[in-house]
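# Residue-level structure breakdown
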Amino acid sequence: MLRNYWKTAVRTLWKHKSYTTINVLGLSLGITCSLVLFLLIRHWLSFDSYHTNRDRIYRIVKESTDLASGDGMPGVPLPLPEAFRTDFPAVEAVALVGEIAWEGTLLTIIDENGEAKSFQEDEYIAYVEPQFFQIFDRSFIKGDAATALDEPNEIVLSERQAQKYFGERDPIGQTITLNREKELIVTGVIENYPDNTDLPFDIFISDLTRDWEGHWGSTSSGDQAYVLLAERQSPESIDAQFPVFIEKHYGDPLDEQEFKHYLQPLREMHFDPRFSTYTYQGVSWQTIRILTAVAVFLILIACINFVNLATATATQRAKEVGVRKVLGSTRSQLLRQFLSETTIITILSALIALGGVELLLLKVNPLLSSSLELQLLENPRLLALLIGLVVIISLLSGWYPASVLSGFKPVHTFRNVLQGQRTRGITLRKGLVVLQFIIAQVFIIGTLVLFRQMQYVQQTNLGFRSEAILTMRLPESTLDQKRTFRQQLTQIAAVEKASLGYANPASGWVSATGYKLEGETEKRTTHLKAADIHYLDIFQIPVIAGSPLTTDTDTLTQVLVNETLAASHGLTPEEIVGRTINLWDADIPIVGVVKDFHTRSLREAIVPTVVLNDARGYEAVIAQVSLPNLSETLESIEQQWKTVYPEYTFAYIFADDEIAEFYTSERRLSRLLGGASLVVVFIGCLGLYGLITFMAERKTKEIGVRKVLGASVTNIIGLFSIEFIKLIGSAFVVAAPLVYLVMSGWLQNFTYKIDLGIGLFLIGIGATLIIALLTVSYQSIKAALANPVDSLRNE
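Along the chain, the regular secondary structure elements total 24 helices and 25 strands. The buried share of the chain, reckoned over its 795 residues, is 52%. A separation threshold of at least 6 residues defines the contact pool for the chain, and within that pool the share at least 24 residues apart is 81%. For the chain, the accessible surface area stands at approximately 35500 Å², while carbon and sulfur atoms represent 56% of it.

Shown next, in the form of structure tokens:
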């Protein structure tokens, strides 16, 4: 019996090729995009979920309402972990992780021929305390996790790094020289880190090797503390004790509302945009919820197409149902027959979708810098999801049309008395078309808002020039080397200006510290921008009171502050000039005030900032270049680099590109949503095309009569179009407030943002109207131009 169902279903689907093609194409597109989104979401959700003790691992973070600190800071002062161990002895393990953030860490080994061989490592190298391996799962292939980094000048390598440096030689006991200065002994080799981790380190150096111990008044986001709580130990109990801990160790009493530490669960690290991770690839829960909804809507809109087309063609199969019932078929048998057809379409769509996923991943992986793979047979959850989708889609798409078809009464089918069923079918189809247009308009308008906000952040004046400015991070070197390189750059004709500084004005490289203004006892926090006397000129940051930096000494002698810092103390720019500011227990004169500029993304407000001539903070050379013949200019700069830093690879980034990195997650979301919008619109167009085709067939005689009575081609086209225009208008009434609420919430992530004006919504409904009318126009015109004699000759 089952075989007969399937054989009959195949024959029927083959007979109605256009109906089958539209449904298969729509469903396969929906399933393809949904599976890709599922792979992406599953990858994000798997970050650091493989650690045995993941439910007991936490990171100590700082949260503040202080403007300079922003919402959150993942870093801690270097003395904090040791103080935490002392004050919270019940905690099972604490480990400090200090990412080595400067470019060009140089590791040198002696190869088997006795020759020195150097390797430049630009990322994924860190100072760590030995308890790191007690907290996180990184299995040791060689060496002992308990003792591997318990002494100074010890280093642990990942398996790939050990292979890179030593080949087939045993790395244990080998010597690696760090930056030509410190000799490190290899004490362990560990497994490579997986792709789904926010701790992607290949090289671990004992934290006892550090020269700088740090102090409580300075924090870097690269220095992070991780905690493994004891069994049944409550993180809330530790959070409650942090105010006392802060007051004890930071020196000055701090208001808990302005500054606090607390424990952030490892499982939340990847999804909390307030705190960065070492991969800088975090994604918010809001994004995950949006993309999950997108995946569901893609499936839903394909199912809507299926139901619409099935009910629209139901009357064409009415006589078939009547004949089957007269010959003895029961309603349950007919129900199974029609569900078999739906299941075949869904299975065929799913098989096509598997190939579509593989092709789409070739585009998606480079776009998102990911390495997603289908691996269906190796992933039982994904296989279960696909089977579940086939079952759900088959039932969701097929049950109602099957029940309608199998419910026709033979006597009515032979007499063509199906008006009630037609009326109910038309009402359902209209409702489903409205739902389809609601989804399409939400996607279109939402995508427009995303693109407009991205356009806004790219065009907004950040308070400084960013065009044609490139930054080169410097390796560890002397101040004389840095100044020599800067001076050599100025000898290149195409380099208009060059400066030494910490980073670009707006950069992911953020330095902050506490300060006190002369005459005040309150300690506040400020961003720091180390810069020489050429810095403001390159970035065209104006001084609005006092004078610019005038000395280029080796020690800190003068500072500039921005308008926001002056205003936060209730002072005008002119009033704050001449006062001193206490930084690191030294009183430094404020010689001028600069106009406000952004130091971070447009998500955050402008914060108090100090520009200072502190040579210790010069970690980059910044050059303003002329863009014509840029490749030749870069070659000249690289030649000068090689004369000062012959062992290091030349690398640079343009200021515009560095600013764009702030919005990586938003660009990723806009690309995904933009692609999904195209798919939604295309699937919707398929459905509309199918509907208008069957409408034209059903109204053939009506059109013929109208033309005989004098109706024009325009009147006939309007007959088809006006119905869809009304449906689109009804959908807009629902879609507009819905998308307004969703996108208003998303825009709250930005302090500086676009207004959700009516123009975006009018563009959305206008685009929907144009797409819908273009979709129905072909069949409408074809029906309107048909000879009425052909449709009426049999009457």
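For the rest of this paragraph, the subject is the confidence of the model for the chain. In this model, the chain carries an average pLDDT of 83, and 84% of its residues clear a pLDDT of 70 or more. Of all the helices and strands in the chain, helix α12 (residues 410-415) carries the lowest mean pLDDT, 51, while strand β8 (residues 154-158) carries the highest, 96. A low-confidence stretch, residues 253-257 (pLDDT under 50), is modelled with five contacts involving residues beyond four sequence positions or located in other chains. Note that residues 417-423 has pLDDT below 50 and, in this model, eight contacts with residues that lie over four places away or in other chains.

All right, on to the sheet that holds strand β24 (residues 620-625) then. Pairing is antiparallel in the open sheet, where four strands are placed in the order β16-β24-β15-β25. With one partner strand each, in any of the chains shown, β16 (495-501) and β25 (653-654) form the two edges of the open sheet. Pairing between strand β15 (residues 469-473) and β25: two bridges, direction antiparallel. Along β25, the bridge assignment pairs Leu470 with Phe654. Of the strands in this sheet, β15, β16 and β24 touch helix α14 (residues 479-490), which is tilted by about 165° from β16.

Let us now look at the environment of Phe451. Considering the arrangement of structural elements, one finds Phe451 in helix α13 (residues 419-459). Distance from Phe451 to Ser670, taken between C-alpha atoms, is 6.7 Å for residues 219 residues apart in sequence.

This part is about the packing of helix α3 (residues 80-87) against helix α6 (residues 235-249). The N-to-C vectors of α3 and α6 enclose an angle of 120°; their axes lie 12 Å apart at closest approach. One way to sum up the angle between α3 and α6 is to call them oblique. Note that α3 runs across α6; the crossing there is right-handed. For the pair α3 and α6, the contacting residues are Leu80, Ala83, Phe84 and Asp87 in the first and Ile238, Phe242, Phe245, Lys248 and His249 in the second. Residue composition of the contact of α3 with α6, by class: six nonpolar, one polar and two charged.

This part takes up the pattern of salt bridges. Scanning all chains against the criterion turns up 20 salt bridges. Of the charged contacts, one joins Arg56 and Glu92 as a salt bridge, the two residues approaching to 3.0 Å between their closest N and O atoms. Placement of Arg56 in the loop between α2 (17-45) and β1 (57-64) and of Glu92 in the loop between α3 and β3 (93-99) is noted, with a sequence separation of 36 residues between them. Residue classification places Glu92 among the partly exposed positions, given a relative accessible area of 35%. When the shortest N-O distance is used, the salt bridge between Arg473 and Glu619 registers 3.2 Å.

The next subject is unusual backbone geometry. Positive phi, normally seen in glycine, also occurs at Asp48, with a value near 55°. Judged by its relative accessible area of 3%, Asp48 is buried. Phi is positive for Trp584, which is not a glycine, with a value near 55°. Turning to its location among the elements, Trp584 is positioned in the loop between β21 (580-583) and β22 (586-594).

The next subject is the pairing of strand β17 (residues 511-517). The buried fraction of β17 is high, at five of seven residues. Two strands pair when backbone bridges link them, and strand β12 (residues 218-219) and β17 are joined in this way by two bridges, in the antiparallel orientation. Residue pairing across strands places Thr219 opposite Ala512, the latter belonging to β17. Bridge count between β17 and strand β18 (residues 524-530): five bridges; the pairing is antiparallel. Looking at the pairing, Ala512 lines up with His527 of β18. The loop that links β17 with its antiparallel partner β18 comprises six residues; one of these, Gly519, has a positive phi angle of about 85°. Pairing of β17 with β21, which is carried by two bridges, proceeds in the antiparallel orientation. The residue bridging Lys516 from the neighbouring strand is Asn582, located in β21.

If you check which residues of helix α5 (residues 159-166) are buried, you get Gln161, Ala162, Tyr165 and Phe166. Along α5, the residues classed as buried sweep out an arc of 100° about the axis, all on the same side. The secondary structure elements touched by the buried residues of α5 are β4 (105-110), β5 (116-121), β8, β9 (175-178), β10 (182-190) and β11 (203-206). Among the residues trailing α5, Gly167 stands out with phi positive, at a value near 60°.

In total, this model carries 35 aromatic pairs according to the counting rule given. Taking the centre distance of 5.7 Å and the plane angle of 35° together, the rings of Phe650 and Tyr652 count as tilted. On the basis of relative accessibility, which here comes to 37%, the residue Tyr652 falls in the partly exposed class. Grouping aromatic residues by their ring pairs yields a cluster made of Phe132, Phe133, Phe136, Phe140, Phe201, Phe204, Tyr226 and Tyr278. Across from the ring centre of Tyr502, 5.8 Å away, lies the NZ or CZ of Arg473, which sits over that ring.

Following both chains from N to C, one finds α14 and helix α18 (residues 630-644) inclined at 155°, their axes separated by 10 Å at the closest point. With respect to α18, the element α14 is oriented roughly antiparallel. Crossing of α14 over α18 shows right-handed handedness. Contact residues: α14 offers Gln481, Thr484, Phe485, Gln488 and Leu489, while α18 offers Ile637, Gln640, Trp641, Thr643 and Val644. Looking at the contact of α14 with α18 residue by residue, the classes come out as five nonpolar, five polar and no charged.

In this section: a negative patch on the surface. On the surface, Asp195, Glu358, Glu373 and Glu378 cluster together into a patch of negative charge. Residue position: Glu378 is located in the loop between α10 (331-368) and α11 (380-406). According to the relative accessible area criterion, Glu378 is exposed, its value standing at 63%.

Mapping Thr197 onto the fold places it in the loop between β10 and β11. Judged by relative accessible area, which is 2%, Thr197 ranks as buried. Side chain to side chain, Thr197 and Tyr50 meet in a polar contact 3.5 Å long. Aside from chain neighbours lying at most four places away, what touches Thr197 is Phe47, Asp48, Tyr50 and Thr279.

About the cut-offs
Residues numbered from 1 in each chain as written. Predicted model: local features only at pLDDT ≥ 70, side-chain atom pairs only at ≥ 80, totals over all residues. Heavy atoms only, no water. Helix = DSSP H or I, 4+ residues; strand = E, 2+ residues; numbered from the N terminus. Buried < 20%, exposed > 50% of the residue type's maximum accessible area, 1.4 Å probe, protein only. Contact = heavy atoms within 4.5 Å. Areas by Shrake-Rupley, 256 points an atom, 1.4 Å probe, with all protein chains shown as cover. pLDDT = per-residue confidence, 0-100. Pairing = 2+ DSSP bridges. Axes fitted to C-alpha atoms, helices over the stretch in contact; angles between N-to-C directions. Parallel < 35°, antiparallel > 145°, perpendicular 65-115°, else oblique. Left-handed = near helix turned anticlockwise from the far one by under 90°. Nonpolar A, V, L, I, M, F, W, Y, C, P; charged D, E, K, R; others polar. Salt bridge = Lys/Arg side-chain N within 4 Å of Asp/Glu carboxyl O. Arc of directions from axis to C-beta. Phe/Tyr/Trp six-rings, centres within 6.5 Å; stacked < 30°, edge-to-face > 60°. Lys NZ or Arg CZ within 6 Å of the ring centre and 35° of its normal. Patch = residues over 30% accessible without salt bridge, like charges linked within 9 Å, V, L, I, M, F, W, Y side chains within 5 Å. Lys, Arg positive; Asp, Glu negative; His and termini not counted. Charge placed at Lys NZ, Arg CZ, Asp CG, Glu CD. Polar contact = N/O pair within 3.5 Å; in protein donor to acceptor, adjacent residues only side chain to side chain.

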